[in-house]
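Letter by letter, the chains look like this.
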Amino acid sequence: METLTLNAHTSASEIHEAETHEIVASRLLSGGDSAHVTWHRLSNGLEVVCKQSDQAGMLEAEASGLQTLSETGWGRVPQVLSCEPGKLVLEYLMPAIPSDADWEACGDALAGLHGCMRPAFGGDADNWIGGTPQPNPQTLDGFEFFAEHRLLFQARQARDAGLLSTALVQRIDRLTHRLDQWLDPQPAVQLHGDLWSGNFHPTEGGVAWVDPAVYWGWAETDLAMTVLFGRQPMAFYKAYEQKRPQVQGWEERAPLYNLYHLLNHLNLFGKVYHGSIVSTLDHYVP
């Protein structure tokens, strides 16, 4: 019988360090673009999610990101039950249909998360955005950080893989020198970092966040990604802007922030994203 060893303590299930349990039921879960994801029911009745990957350090970075978000006190994330090289075990959060109140609470929580500030952009360690390395060197200037360690980092990777021409990389470089024409200076705040619609997980206890790529950056980058592949209900955005009214108008700036994620998706999934990148560049640096 296959088993799982859990290393964390949680009062809800009374798991203590290094307890091993038999797996009595399993099924494959969706969302495994960068890892193999399965649901298990254990012999003690606990339901868990197990993620496995051969990408060194990726799941450890995810576990660290979930812990970082949990420690802010804002929003709900799955608890890390164990983490070892190549394997991450999380509490299973039962899906549910969210109410407007759930979305309002989620928007309020994201605004609260973005109220956590510090002087430098980046992070204490590099991590991953999906299956792509994400550099997080501590940088005092937000424009420099977004230009060099977000847009140009991805663009150069795409060029080296033959996915982006040198001419397009040069256009992206020109864009990075003009960011302050479209964006105002913003403080470095705590970000989820990969907040597309699939990483909002409505559960019986409210809307949770999963699969973070945490760093300290511009709040509007998180907001922008919420509209890249679908969007959340209006209750979410109203609650957010009620707490952080200074971000009004962010959606007009969203394509500029989301160029980072389009470049990442180009690197991950290929040239299907090439046209969207060119369209964004045509708008800003024709």
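Residues numbered from 1 in each chain as written. Predicted model: local features only at pLDDT ≥ 70, side-chain atom pairs only at ≥ 80, totals over all residues. Heavy atoms only, no water.

Caption draft 1: Examining the pattern of salt bridges more closely. For the coordinates displayed, the defined rule picks out nine salt bridges. Measuring nitrogen to oxygen at the nearest pair gives 3.5 Å for the salt bridge that ties R118 to D124. Between R156 and E148 there is a salt bridge, and its shortest N-O distance comes to 2.6 Å. Using a relative accessible area of 30% as the deciding quantity, one classes R156 as partly exposed. Through salt bridges with shared partners, one network takes in K51, E62 and D211. (Salt bridge = Lys/Arg side-chain N within 4 Å of Asp/Glu carboxyl O. Buried < 20%, exposed > 50% of the residue type's maximum accessible area, 1.4 Å probe, protein only.)

Caption draft 2: Representation of a nonpolar patch on the surface within the structure. A surface patch of nonpolar side chains, amounting to about 280 Å² of accessible area, comprises L268, F269 and V272. Using a relative accessible area of 41% as the deciding quantity, one classes F269 as partly exposed. (Patch = residues over 30% accessible without salt bridge, like charges linked within 9 Å, V, L, I, M, F, W, Y side chains within 5 Å. Areas by Shrake-Rupley, 256 points an atom, 1.4 Å probe, with all protein chains shown as cover.)

Caption draft 3: Focus on the confidence of the model for the protein chain. Of all residues in the protein chain, 95% attain a pLDDT of 70 or more, and the chain-wide mean is 93. A low-confidence stretch, residues 9-15 stays under pLDDT 50, and its non-local contacts, those more than four residues away or across chains, total 12 contacts. (pLDDT = per-residue confidence, 0-100. Contact = heavy atoms within 4.5 Å.)

Caption draft 4: Spotlight on the pairing of strand β11 (residues 200-203). Bridging between β11 and strand β12 (residues 206-209) involves four bridges; their strand directions are antiparallel. Among the inter-strand pairings, T203 is bridged to a residue of β12, identified as G206. Here β11 folds back onto β12, and the loop between the two strands holds two residues. (Pairing = 2+ DSSP bridges. Helix = DSSP H or I, 4+ residues; strand = E, 2+ residues; numbered from the N terminus.)

Caption draft 5: Spotlight on the sheet that holds strand β7 (residues 117-118). Reading across from one edge, β7-β10-β13 is the order of the three strands in this open sheet, with antiparallel pairing throughout. With partners counted over all chains shown, the strands left at the sheet margins are β7 and β13 (215-217), one partner each. Here β7 pairs with strand β10 (residues 188-191) via two bridges, running antiparallel. Within the sheet, the bridge partner assigned to M117 lies in β10 and is V189.

Caption draft 6: Examining the nonpolar core more closely. Membership of the largest hydrophobic core comes to 73 residues, with the highest contact counts inside it found for L164, L175 and W209. Ranked by residues supplied to this core, first place goes to helix α7 (residues 250-269) with nine residues. Ignoring any residue separated from it by four or fewer positions in sequence, one finds L164 in contact with A155, A158, R159, V169, I172, L263, L266 and H274. Core analysis: the second largest hydrophobic core is formed by nine residues, L4, L46, C50 and V89 among them. (Core = buried A, V, L, I, M, F, W, Y, C linked by side-chain atoms within 4.5 Å.)

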